[in-house]
Amino acid sequence: MEIEDPRPVPEPVLLQVPPPSTGLRPASLQQPDLPLTDPSVLSAPIMLQVERLNLFYGDKQALSDIHLKVARNSVMSFIGPSGCGKSTLLRCLNRMNDLIDDVRVQGRVLLGDTDIYAPETDVIALRKRAGMVFQKSNPFPKSIFENVAYGLRIQGQSDRNLLEEAVERSLKGAGLWDEVKDRLKDSAQGLSGGQQQRLCIARALAVRPEIILMDEPCSALDPIATARVEELILELKREFTIVIVTHNMQQAARVSDHTAFFWMGKLIETDLTEKMFTNPRQRMTEDYITGRFG
Amino acid sequence: MRRMTERLRQGGVFVWFSGTLLAFCLAMILCLVGFIAAKGMGYFWPSPLVQVQTPEGPVLGEITGQEPARGEETAKTQFRVGNRDIYGQDFRWLPTASLATPKCPKDALLIERLEYGPFIGRIVSLSHEGHLVATGPAAMSGALDRLPETNRVRRHIQSIEKGQVGDLNRRIERIRLARRKLETRGDIAALQALDTRTAQLQTTYDQVQTSLEQSRAEAKAWTLGLQTVDGQDKELPLGSVVRIVPANAMGLLDKLGVYLSRLWEFVADDPRESNTEGGIFPAIFGTVMMVLVMSVLVVPLGVITALYLREYARQGWLVRAVRVAVNNLAGVPSIVFGVFGLGFFVYGLGGSIDQLFFADSLPTPTYGTGGILWASLTLALLTVPVVVVATEEALGAVARSQREASLAMGATKWQTLWNVVIPSSTPGILTGLILAIARGAGEVAPLMLTGVVKLAPSMPLDGTFPFLHLDRKFMHLGFHIYDVGFQSPNSEAAKPMVFMASFLLLVVVVVLNLFALNLRRKLRARLGGSTF
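Okay, so let's go over this structure. None of these values were measured; they are calculated from a predicted model.

## Comments concerning the interface of chain A and chain B
In this complex, chain A contributes 23 residues to the contact, which on the side of chain B involves 21 residues. For chain A, the biggest contributors to the area lost against chain B are Pro141(A), Tyr150(A) and Ile154(A); these three give 28% of the whole. Counting across the chain A and chain B interface gives 1 salt bridge. A salt bridge links Glu404(B) to Arg91(A), with the nearest nitrogen and oxygen atoms 2.9 Å apart. One can count 6 residue pairs in polar contact (both at pLDDT 80 or more) joining chain A with chain B. The set of elements that each furnish at least two residues to the side of chain A that touches chain B consists of helix H3 (123-129), strand S6 (130-133), helix H4 (144-154) and helix H7 (193-205) of chain A. Here the side of chain A that touches chain B is composed, by residue class, of 14 nonpolar, 4 polar and 5 charged.

## Looking at the pairing of strand S2 (residues 57-67) of chain B
Walk down a regular strand and you will see the side chains alternate between the two sheet faces. All names here are of chain B. Examined bridge by bridge, strand S1 (residues 50-54) and S2 share 5 bridges and lie antiparallel to one another. Directly across from Val-50, in S2, lies its bridge partner Gly-61. Linking S1 to S2, which pair antiparallel, is a turn of 2 residues. Here S2 runs beside strand S3 (residues 76-80); their pairing, made up of 5 bridges, is antiparallel. Note on S3: the bridge partner recorded for Gly-65 is Gln-78.

## Regarding the packing of helix H11 (residues 400-408) of chain B against helix H12 (residues 413-442) of chain B
The geometry of a pair of packed helices is captured by two quantities: the angle between their axes and the separation between those axes. Residue and element names in this part refer to chain B. In the contact formed by H11 and H12, the axes pass within 9 Å of each other and the chain directions differ by 130°. Looking at the two axes, H11 sits oblique to H12. By crossing handedness, the relation of H11 to H12 is classed as right-handed. Taking contact as the criterion, the partners of Gln-402, Arg-403, Ser-406 and Leu-407 in H11 are, on H12, Lys-413, Thr-416, Val-420 and Val-421. When the residues that make up the contact of H11 with H12 are grouped by side-chain class, the tally is 3 nonpolar, 3 polar and 2 charged.

## Considerations on the sheet that holds S3(B)
All names here are of chain B. Overall, antiparallel pairing links the 5 strands, which are arranged S4-S3-S2-S1-S5 in an open sheet. Edge positions in the open sheet fall to strand S4 (91-95) and strand S5 (100-103), since each of these has one partner strand only. In this sheet, adjacent strand axes meet at a mean angle of 45° when their direction is disregarded.

## Quick word on the sheet that holds strand S5 (residues 114-115) of chain A
Residue and element names in this part refer to chain A. Ordered by their spatial adjacency, 4 strands build an open sheet running S2-S1-S4-S5, and the pairing between neighbours is antiparallel. Sheet topology places strand S2 (60-71) and S5 at the edges, where each strand pairs with a single neighbour. Bridge count between strand S1 (residues 46-57) and strand S4 (residues 103-111): 8 bridges; the pairing is antiparallel. Bridge pairing links Gln-49 to Leu-110 in S4.

## Description of the packing of helix H1 (residues 2-10) of chain B against helix H2 (residues 12-41) of chain B
Residues and elements named next belong to chain B. The N-to-C vectors of H1 and H2 enclose an angle of 60°; their axes lie 5 Å apart at closest approach. Here H1 lies oblique to H2, going by the angle between them. Contact residues: Arg-7, Leu-8 and Gln-10 in H1; Gly-12, Val-13 and Phe-14 in H2. Here the residues of the contact of H1 with H2 are counted per class, giving 3 nonpolar, 2 polar and 1 charged.

## Thoughts on helix H15 (residues 491-526) of chain B
Since the α-helix advances by 3.6 residues per turn, residues separated by three or four positions end up pointing in the same direction. When the terminal C-alpha atoms of H15(B) are compared, their 51 Å separation across 36 residues agrees well with the 52 Å that a helix rising 1.5 Å per residue should span. Along its length, H15(B) shows its largest kink, about 25°, at Met497(B).

## Focus on the pattern of salt bridges
Residue and element names in this part refer to chain A. Overall, the coordinates contain 33 salt bridges over all chains when judged by the stated rule. Note that Arg-160 and Glu-164 form a salt bridge whose closest N and O atoms lie 3.3 Å from each other. Of this pair, Arg-160 and Glu-164 both sit in helix H5 (residues 160-173), 4 residues apart, which is roughly one turn of the helix. Take Glu-164: its relative accessible area is 38%, and that puts it in the partly exposed class. Across the pair Glu-230 and Arg-254 runs a salt bridge whose closest N-O atoms are separated by 2.7 Å. Of this pair, Glu-230 sits in helix H8 (residues 223-236) while Arg-254 sits in helix H9 (residues 249-255); the two residues are 24 residues apart in sequence, bridging distant segments of the chain.

How each quantity is defined
- Residues numbered from 1 in each chain as written.
- Chains lettered and ligands numbered in written order.
- Predicted model: local features only at pLDDT ≥ 70, side-chain atom pairs only at ≥ 80, totals over all residues.
- Heavy atoms only, no water.
- Contact = heavy atoms within 4.5 Å.
- Buried area = accessible area lost by both parts, 1.4 Å probe.
- Salt bridge = Lys/Arg side-chain N within 4 Å of Asp/Glu carboxyl O.
- Polar contact = N/O pair within 3.5 Å; in protein donor to acceptor, adjacent residues only side chain to side chain.
- Helix = DSSP H or I, 4+ residues; strand = E, 2+ residues; numbered from the N terminus.
- Nonpolar A, V, L, I, M, F, W, Y, C, P; charged D, E, K, R; others polar.
- Pairing = 2+ DSSP bridges.
- Axes fitted to C-alpha atoms, helices over the stretch in contact; angles between N-to-C directions.
- Parallel < 35°, antiparallel > 145°, perpendicular 65-115°, else oblique.
- Left-handed = near helix turned anticlockwise from the far one by under 90°.
- Expected span 1.5 Å × (residues − 1).
- Bend = angle between axes of the 7 residues up to and from the residue.
- Buried < 20%, exposed > 50% of the residue type's maximum accessible area, 1.4 Å probe, protein only.

Below is the structure:
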């Protein structure tokens, strides 16, 4: 059920683009081929901006012509059926797709002022600015303390006091401090699934990223643990910008300010979450949200 | 018929079949270990001394073998009669039919001594500096009383010979080399300083020698008068007696005492009589030492190779070819590695090292001859494929999510490898090391070319600076088995030693493996017991 896109794939604009400006870019708004974007997004400062992004696995195109903006201190959720490219897009945002052979990316992704696909961009520095939480909790086989301190340690930080401070702050930020403060030296793999996931969030917080990317963070958790992580996301919003991929429509409705709906590698619609769930503009979005397909 | 096919389909038969085969394999292994242990361990138990009357005269000894009648050959019994200095041989075959009235005389003795194997016979007298002190049973109890003291003196002499004298000799040799260098330069003042130093050392040397002479005289002061069963007399200084075993007059506890003391001597002492008697401690030590040095060399070599192959190299036909080549390296006969080690390490590398750093002592080679370093390096090369394969598997088994977690934190590839991937693969790497130890500890052929000797004068690890002497030759249990069993002048007497040394080699390999297994268990526990 391929939907033909009559528009030509735009040329890659990797290098010839002028230095990115912050804030509003009304020119791009007026482009008629942009997906519908809620104007209220643009009233807040933009944290992340994706322009004309195309991604290929070998010959197969996995993302086509994605335009997207994420406002600072907001939660953006990506929804869509399996294989629609939402996780692929998320992994474009911290260049985790670099690890896969055969991937080609065209277009531009701006994190703050940095074009993350520009040749002079340091991937390592970029990933420090964009923390990531994975579908399956993946703590290292180290102690709880060392897990959280990992990001700082690889940055060369060895001052014990500083590390302890950062670990406490991050664990508190992830709502895990009271549960583990007496056993920081124990192995992280002795924690429960929900605790492990929150530990992974704490680990990401420790390096003070600007944006946190979450790839279905609750799909392996029970409802209680899920509720805790969702609460946490709402709290973290005050300090960070969050992009979350989810299969769970209720979750998207509960935690996110904006929602983007993907289908077959295309961004179909993006809007304020309440608007999208009550009054979607596209027929396809409505069908997906109401469970008629997908 | 239907029931039969039904049974086959359910596979119950195959469970039994595979279970039986497993049991068979286990039985074979147990049989091997049990056989070797029984053959070796029994050797130390004091067996009764049997006296028989033959047409040629009386014979006294331990019964060591029986041969049934076959065709024209009559049944024969093998006696270990000892007294090689008197009879010329240790063993005698006698026709079983002629053995009338076997007796076990209470006063028959087996005397273990430093030379010519055991004496079997009786003590008739005990003298001190030529004066008769006691005769008959009194001489025997007197000898038993004096024995611990003379043994102590002998040990003292040995330790001085090995320790102080050896040390002094090495120092004098070092001064001689320094002297040669200075002579070419013509540094008179330094030469004089060296001369005074040599004179000092010479004085110490003379003092030690005098005290040694005294001890030796002391050891020779007491003499035993011995008599064989057929009436030949023999004088033996008490100083060269190791142990007196009145086998027929001993109770079970006494025998156990002798057994344990012999076992301890075997494990903890130096060999005597071209390795057919005494202990095999240097061989045990050499084996363990060589395996340890090999482990230290093989782990970094194998792990770094595997890291590159798995993590950095672009996976293509070249890497596949390299991997096949590495795996095939494991199939190369070990003697080929020995030849390579001799040509490349000993002559090539060792020769160059001697030219560069030890030119003073040439033409005597330092590293340009076989030594524990070269032997260990050769074995490391031999076992590196095992470590590479095991490490590659371990690296591949580290969960992708772990690597991604680290990379997403902003870690570089190297930081990810060092902090996450390698720690998680250490149990797998240790599995490789365990296999490498199992293979390396049992190899003999390449060692014979690269540094193993029949008898090493000094150990590769001792109290003289720099303590670890990787250039020294060493003894090895595997080679010891071969040497004692096949190269010994008295192989019949050495047969039990072969079994015992084999058993000890097994024990050493098992102990080394247990050590590595324990290490792996601890690491796994720390890693949360997840993978592997």
